[in-house]
Amino acid sequence: MSRALTWRAVLVWAALAALPALPFMSKFYLLLAFDALLFGAIAMSLDLLMGYTGLVSFGHAAFFGLGAYATAVLLERGIVSLWVCLLFAVLVVGLYALVVSYFSTARRGIYFALLTLIFAEVVYTFFRYTQTFGGSDGIQGLPAPSLAPGFAIDTPLRNYYLVLVYLGLAYLVCRILVTAHFGRVLVAIRENEDRARFLGYNVQRYKMAVCMISALITGLGGALYPGRSAFATPDLMLWTVSGELIIMVMIGGLGTLVGPVIGGAFFVLLQEKVSSYVDWYFIVIGLVLIFIVLFMPRGLLGIRGLLGGRRWRATA
Amino acid sequence: MLKLTDVHAGYGATPILFGVSLEVRAGEAVALLGRNGMGKTTLLKTAIGFLAPWRGAIEFEGVDLTRRAPHEIARLGVGFVPENRRIFPGLTVRENLELGLSAAADRSAAVRRRRLDEVFHHFPRLAERIEQPGKTLSGGEQQMLAIARVMMAGARLILMDEPTQGLAPGLIRHIRDMIAELKRLGVTVLLVEQNARVALAVCDRGYIMEKGSIVFAASSHELRESPVTREKLGV
């Protein structure tokens with residue numbers, strides 16, 4: 001990583017950390033910023049699959065929702081330690097992801113997408129119709145999780161910093177993975193799976209590994225959600241959420257990590273702004289997305305290229 | 001080293017290979033000749049595990065390959081250079097080469113450096129292009145990269161599918177010399193070629209395939225002289 005890039009990274013983090021100090025940052029905007037960063041991080045984890053490995057998952061909402069339910073179930077029973085919640089989420093999401101990734105990666109192309117979708121729909125239906133988990137209402141009115149006894153994450157500000165740390169760690173993990181040999185193999189698989197196989201790579205194992213990592217990052221993001229919203233509902237796992245995550249990656253820029261974070265934040269902010277003016281906000285969002293896909297095929301991050309900046313390498 | 005016995009294989013319900021038997025002994029370079037669509041590529045794909053044979057046996061150094069996955073076969077020491085120079089276009093020359101190392105038993109940094117040095121000794125052109133994406137290389141350079149990639153893996157048997165296809169005469173000579181060099185280094189080669197002249201110049205012996213069967217087997221010298229070669233290949 002060049003010195004300039006490191007400095008830019010420090011600047012970006014400093015700006016994000018200082019964001020709550022801005023005068024107009026009300027609680028409402030802090031929660032909006034929480035959502036923007038949370039979905040940015042989740043879109044980034046999906047980029048490991050979509051951008052680097054060439055696998056399109058239509059079932060990431062299930063990882064997100066399961067993480068949220070894992071936390072919600074514990075909070076509901078009075079277990080408020082954030083660490084226990086996160087650990088439980090890792091277990092639940094990890095087990096589910098193991099099954100999904102095993103079966104999904106056994107098939108290629110559209111079948112991978114379909115299998116992830118079908119698994120996610122099963123999970124959605126299960127939570128939607130199981131009264132133990134509140135059925136369609138989900139689990140509501142949850143207490144705030146605490147970082148340590150007596151230190152609850154109970155304000156938008158604390159939630160914001162929590163998600164900022166989560167984004168930072170998730171970014172580090174993803175960046176290290178894609179710059180390591182592991183990342184090269186993922187790109188090789190994306191470019192030509194058969195070639196990777198006859199070079200001696202157990203392609204399915206690599207695909208499973210990257211699926212699991214992506215699912216766990218997404219699940220951990222989900223586990224942070226009830227702390228901000230005080231609920232977990234089946235709607236979090238609706239297939240449209242998976243679709244939105246894919247859109248976030250696309251508009252941000254495939255295979256760049258940073259792009260999807262921007263894409264996720266952009267999507268959340270756009271949705272919030274437009275929906276506060278009109279009910280048919282999805283039409284407006286759709287038009288904006290069509291514009292981006294048609295005129296900025298490299299995504300929002302591609303603007304840098306248009307402005308003469310350094311072009312982001314899709315594989316690095 | 002590699003022994004196929006009565007191999008039948010095909011795609012879906014369509015049979016392509018009708019009981020092919022052939023053998024490549026250690027240290028040999030063997031040519032597999034034949035016109036387009038005679039089953040040469042299918043034979044290679046079956047040998048490296050992309051296609052499960054319907055019947056018959058495939059052995060590499062006594063190990064049964066018929067039920068093994070391609071990555072396992074690669075790790076046994078079987079390298080494959082596919083036709084049309086199939087490298088990873090978005091990855092740099094260095095990354096392409098380092099990916100090749102995965103099939104090697106020893107992947108330490110010392111081995112990687114040594115193998116890179118060897119490869120650059122044979123293909124100085126690749127050393128000059130080390131940080132360039134694969135897609136910016138010329139056809140000949142991509143072919144060199146595809147060969148260098150299996151050399152990185154330390155493959156003991158290399159299966160090559162039409163390495164000279166579509167290359168200029170100068171480059172064909174270079175590839176031919178490279179195959180001879182591989183042989184000198186002790187690597188065993190099974191070379192699938194339509195260009196019989198090039199193949200027979202470097203190979204010890206050859207097989208001629210027609211409609212999914214081996215129809216003629218002889219030494220390169222005999223193949224060059226035989227009227228059968230002319231009849232079957234039109235050269």
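Remember, it's a predicted structure, so these values are computed and weren't measured experimentally.

The next subject is the pairing of strand E6 (residues 78-81) of chain B. All names here are of chain B. Burial along E6 is two-sided: the residues Val-78 and Phe-80 and Gly-79 and Val-81 are all buried. Relative to strand E7 (residues 157-161), E6 runs parallel, the two sharing 4 bridges. Bridge pairing links Gly-79 to Ile-158 in E7.

Before going further, it helps to spend a moment on helix H6 (residues 139-152) of chain B. Residue and element names in this part refer to chain B. Taking 1.5 Å as the rise per residue, H6 with 14 residues should run 20 Å; its terminal C-alpha atoms sit 20 Å apart, in good agreement. For H6, the tally of buried residues reaches 13 of 14 residues, placing the bulk of the element in the interior. The first or second residue beyond H6 is Gly-154, which carries a positive phi of 70°.

Further remarks concern the interface of chain A and chain B. Between chain A and chain B, the contact holds 18 residues from the first and 22 residues from the second. Summed over both sides, the interface of chain A with chain B buries roughly 1,800 Å², with 64% coming from carbon and sulfur. On the chain A side of the interface with chain B, the three residues burying the most area are Arg195(A), Phe198(A) and Leu199(A), jointly 39% of the side's total. There are 1 salt bridge connecting chain A and chain B. Close ionic contact of Arg184(A) with Glu95(B) constitutes a salt bridge, the shortest N to O distance being 3.0 Å. At the boundary of chain A and chain B, one finds 7 residue pairs in polar contact (both at pLDDT 80 or more). In terms of residue count, helix H7 (residues 181-191) of chain A provides more of the side of chain A that touches chain B than any other element does, 6 residues in total.

Right, let's get into the packing of aromatic side chains. Residue and element names in this part refer to chain A. Counted under the stated rule, the structure contains 20 aromatic pairs over all chains. Between the aromatic rings of Tyr-281 and Phe-282, the centroid separation amounts to 5.1 Å while the plane-to-plane angle is 40°, which identifies the pairing as tilted. The partly exposed category is assigned to Phe-282, whose relative accessible area is 42%. An aromatic cluster is built from Phe-39, Phe-64, Tyr-225 and Phe-231, whose rings are joined through pairwise contacts. The ring of Tyr-129 carries the charged tip of Arg-128 above its face, separated from the ring centre by 4.6 Å.

Residues and elements named next belong to chain A. Estimates place the volume of the second largest pocket at around 510 Å³. Lining the second largest pocket are 22 residues, and of these Phe-39, Tyr-225, Leu-236, Glu-244 and Gln-271 sit closest to its centre. Looking at the lining of the second largest pocket, the elements with two or more residues in it are helix H2 (27-53), helix H9 (203-229), helix H10 (239-252) and helix H11 (258-275). In the lining of the second largest pocket, the residues fall into 14 nonpolar, 3 polar and 5 charged.

With that settled, the discussion passes to the nonpolar core. Ranked by internal contacts, the top residues of the largest apolar core, which has 129 residues, are Leu38(A), Leu2(B) and Leu159(B). When residues of this core are assigned to their parent elements, the largest contribution, 17 residues, is made by H2(A). With 47 residues, the next largest nonpolar core counts Val81(B), Ala146(B), Met151(B) and Ile179(B) among its residues.

Below, the discussion takes up the environment of Ala209(A). Residue and element names in this part refer to chain A. Along the chain, the position of Ala-209 falls in helix H9. We classify Ala-209 as partly exposed; its relative accessible area is 27%. In this structure the C-alpha to C-alpha distance between Ala-209 and Leu-98, which are 111 residues apart in sequence, comes to 9.1 Å.

In the predicted model, chain A carries a mean pLDDT of 91, and the fraction of residues at 70 or more is 94%. Counting interchain partners and residues more than four positions distant, the pLDDT-below-50 stretch residues 308-316 of chain A has 29 contacts.

Turning our eyes to something else, we now look at the sheet that holds E7(B). Residue and element names in this part refer to chain B. With mixed pairing, the 6 strands of this open sheet are ordered in space as E6-E7-E8-E3-E9-E10. Strands at the two margins of the open sheet, each flanked by one partner only, are E6 and strand E10 (213-219). Neighbour-to-neighbour, the strand axes of this sheet turn through a mean angle of 15°, independent of strand direction. Bridge count for strand E3 (residues 29-33) against strand E9 (residues 205-210) is 4 bridges, and the pairing is parallel. Bridge pairing links Leu-32 to Tyr-207 in E9. Where helix H1 (residues 40-47) meets the sheet, it contacts E3, E6, E7, strand E8 (188-193) and E9, and its direction lies at approximately 150° from that of E7.

Before going further, it helps to examine the packing of helix H3 (residues 60-76) of chain A against H9(A). Residue and element names in this part refer to chain A. The contact between H3 and H9 brings their axes to 7 Å, and the two run at 45°. As summarised for this structure, H3 and H9 are arranged oblique, according to the angle between their axes. Note that H3 runs across H9; the crossing there is right-handed. Contact residues: His-60, Phe-63, Phe-64, Gly-67, Ala-68, Thr-71, Ala-72 and Leu-75 in H3; Ser-214, Ala-215, Thr-218, Gly-219, Gly-221, Gly-222, Ala-223, Tyr-225 and Pro-226 in H9. The residue inventory of the contact of H3 with H9, partitioned by class, reads 9 nonpolar, 8 polar and no charged.

What counts as what
In every chain, residue numbers begin from 1 and rise along the written sequence. Chain letters and ligand numbers both follow the written order, the letters beginning at A and the numbers at 1. A pLDDT threshold of at least 70 governs which residues receive local features in this predicted model, and a stricter bar of 80 or more applies before side-chain atom pairs are shown or counted, although totals over entire chains, interfaces and linings include all residues. Computation of side-chain values covers all heavy atoms of the structure but excludes hydrogens and water. Relative accessible area decides the class of each residue, using a 1.4 Å probe on protein chains only: under 20% of the type maximum gives buried, over 50% gives exposed, and in between gives partly exposed. Secondary structure is summarised from DSSP: a helix means a run of H or I of at least four residues, a strand means a run of E of at least two, and numbering begins at the N terminus for each. Two strands pair under a simple rule: DSSP has to find at least two bridges between them. Multiplying 1.5 Å by the helix residue count minus one yields the expected span of that helix. By the convention used here, residues are in contact when the closest approach between their heavy atoms is within 4.5 Å. Note on definitions: buried area is the accessible-area loss of two parts on being combined, 1.4 Å probe, summed for both. In the sections that follow, a salt bridge refers to a side-chain nitrogen of Lys or Arg positioned within 4 Å of a carboxyl oxygen of Asp or Glu. Each polar contact in these results corresponds to two N or O atoms within 3.5 Å; when the atoms are within protein, one needs to be able to donate a hydrogen and the other to accept it, and residues that are neighboring in sequence are counted only if both atoms are side-chain atoms. In this scheme Phe, Tyr and Trp rings, the latter by its six-membered ring, pair at centre separations within 6.5 Å, and the angle between planes marks the pair as stacked below 30 degrees, edge-to-face above 60, and tilted otherwise. A positively charged side chain is recorded as over a ring if its NZ (Lys) or CZ (Arg) lies within 6 Å of the ring centre. The angle to the ring normal must also be within 35 degrees. Definitions used throughout: a 1 Å grid over protein atoms alone; a cavity as a set of points that fits a 1.4 Å probe which cannot get out; a pocket as an open set with protein on both sides within 12 Å along at least five of seven lines; a lining residue as one with an atom within 4 Å of a point. Grid points are joined across faces, edges and corners, and a volume is the space filled by probe spheres set on the points. Lys, Arg, Asp and Glu make up the charged group, whereas Ala, Val, Leu, Ile, Met, Phe, Trp, Tyr, Cys and Pro make up the nonpolar group; the residues left over, Gly among them, are polar. Only buried residues count toward a nonpolar core, which is a set of Ala, Val, Leu, Ile, Met, Phe, Trp, Tyr and Cys residues joined through side-chain atoms within 4.5 Å. Residue-level confidence of the predictor is summarised by pLDDT, bounded by 0 at the bottom and 100 at the top. Between N-to-C directions, angles span 0 to 180 degrees; the directions come from axes that are lines fitted to C-alpha atoms, helices contributing only their stretch in contact. Convention used here: angles under 35 degrees read as roughly parallel, angles over 145 as roughly antiparallel, angles from 65 to 115 as roughly perpendicular, and any remaining angle as oblique. Crossings are classed by handedness, with left-handed meaning an anticlockwise turn of the near helix from the far one by less than a right angle and right-handed meaning a clockwise turn.

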